[in-house]
Amino acid sequence: MTRIIGVRFRNVGKVYYFGPKSLNIKAGDHVIVETARGVEYGHVVLGPKDVEDSRIVQPLKEVIRLATPKDDAREESNRKKEKEAFQICQKKIAAHNLEMKLIDAEYTFDNNKVLFYFTADGRVDFRELVKDLASVFKTRIELRQIGVRDETKILGGIGICGRALCCSTYLSDFAPVSIKMAKEQNLSLNPAKISGTCGRLMCCLKNEQETYEYLNKKLPGLGDIVATPEGLRGEVQSVNVLRQLVKVVVDVNDEKEIREYPADELKLKQRHKKGKEKEKEKEKDLTQEERRELERLEKEHGESGGRKEKGKEKKHQSRKESDHGGRKASGGRTSG
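Values in this document were obtained by computation on a predicted structure and should not be read as measured data. (Residues numbered from 1 in each chain as written. Predicted model: local features only at pLDDT ≥ 70, side-chain atom pairs only at ≥ 80, totals over all residues. Heavy atoms only, no water.)

Trainee: When you look at the overall build of the protein chain in this model, what are you seeing that I'm missing?
Mentor: Looking only at helices and strands, one finds 11 helices and 14 strands in the protein chain. The burial tally for the protein chain puts 40% of its 336 residues in the buried class. Accessible surface computed for the protein chain: about 19,700 Å², of which carbon and sulfur atoms make up 47%. (Helix = DSSP H or I, 4+ residues; strand = E, 2+ residues; numbered from the N terminus. Buried < 20%, exposed > 50% of the residue type's maximum accessible area, 1.4 Å probe, protein only. Areas by Shrake-Rupley, 256 points an atom, 1.4 Å probe, with all protein chains shown as cover.)

Now the structure itself:
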């Protein structure tokens, strides 16, 4: 067992493990730690606890010290400098006429490097921009191309549910999401209703997926033939997944009647493919443009679970450095 604390470097991001040494550290404190990017200022989100050695990514670095008022002031100063750096970089991008959208600027705590995050449709030759920025800031410059999900995570916003976006409030990583989840939860396949602010499938589709998978296994499919408690045979017309209720069309005195039963009172007699036909009918209701958009979403978030946005992240630096691993190499991040 190893004693660790969990540290986060931005409001929303991965939690990294560090050794607390003999310091009296508790959740909510600010600490100074050493990472592959240099000395950094972090927020303790997980107080001292013992974890199994297998959950630690070695080598596990130790906390340098608890943040002092001077460190707090420096961090606040860096945040102000980042706003100035952002504006300067925007002007330089316009001056060089580059097709790129600047998203954020970040100073490392020791001011050893300035990072600029941007999005672009393709590759951008920004070598002259890097030289220009280096001459202004007199420090190392890193331009990092990110995806649309990371862009939304940084900028934040309000989702269609009326709440702040999950990715910018509590999600530390992007979970794979697929169209299959929307179908499993019987949601509309209209891309506008299942896509988030970033234009990709909503992350919250993952939240209830396990529950729906469990509950759907206990329900008959649409069109299945079932036996009711009264001994009648009928066809499943619709199901209520959360309430576990099933509406069945039965023949009573030569007339068709719809009755509702708890799922556990029915006995399955014959499977039917009508469920899949209904699914295809839902897709037929979409316009040609909506179908194309749905195909795009399926391509990006196919059954493979989707690649993590970070996997597509491209890093570009003003000169070769040995810290391409970022904080991960030295922060002892959790493996789970």
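Trainee: Quick question: what am I supposed to make of the nonpolar core here?
Mentor: As a rule of thumb, nonpolar side chains are buried together in soluble globular proteins. Counting residues in each nonpolar core, the largest one holds 19 residues, and the members touching the most others are Phe 116, Phe 126, Leu 129, Leu 133 and Leu 143. Top contributing element to this core by residue count: helix α2 (residues 127-137), with four residues. If you look at the next biggest cluster of nonpolar residues, it comprises 13 residues, including Tyr 212, Val 246, Val 250 and Tyr 261. (Core = buried A, V, L, I, M, F, W, Y, C linked by side-chain atoms within 4.5 Å.)

Trainee: How do you make sense of helix α1 (residues 69-95) when you look at a structure like this?
Mentor: Note that an α-helix has 3.6 residues per turn; residues three or four places apart therefore point the same way. Its 27 residues place the ends of α1 39 Å apart at the C-alpha level, agreeing with the 39 Å of an ideal helix rising 1.5 Å per residue. Within α1, the full set of buried residues consists of Asp 71, Glu 75, Asn 78, Glu 82, Ala 85, Cys 89 and Ile 93. Buried positions along α1 lie against β3 (30-35), β4 (38-51), β5 (63-66), β6 (101-107), β7 (113-119) and α2. Downstream of α1 by a residue or two, Asn 97 has a phi angle that is positive, lying close to 55°. (Expected span 1.5 Å × (residues − 1). Contact = heavy atoms within 4.5 Å.)

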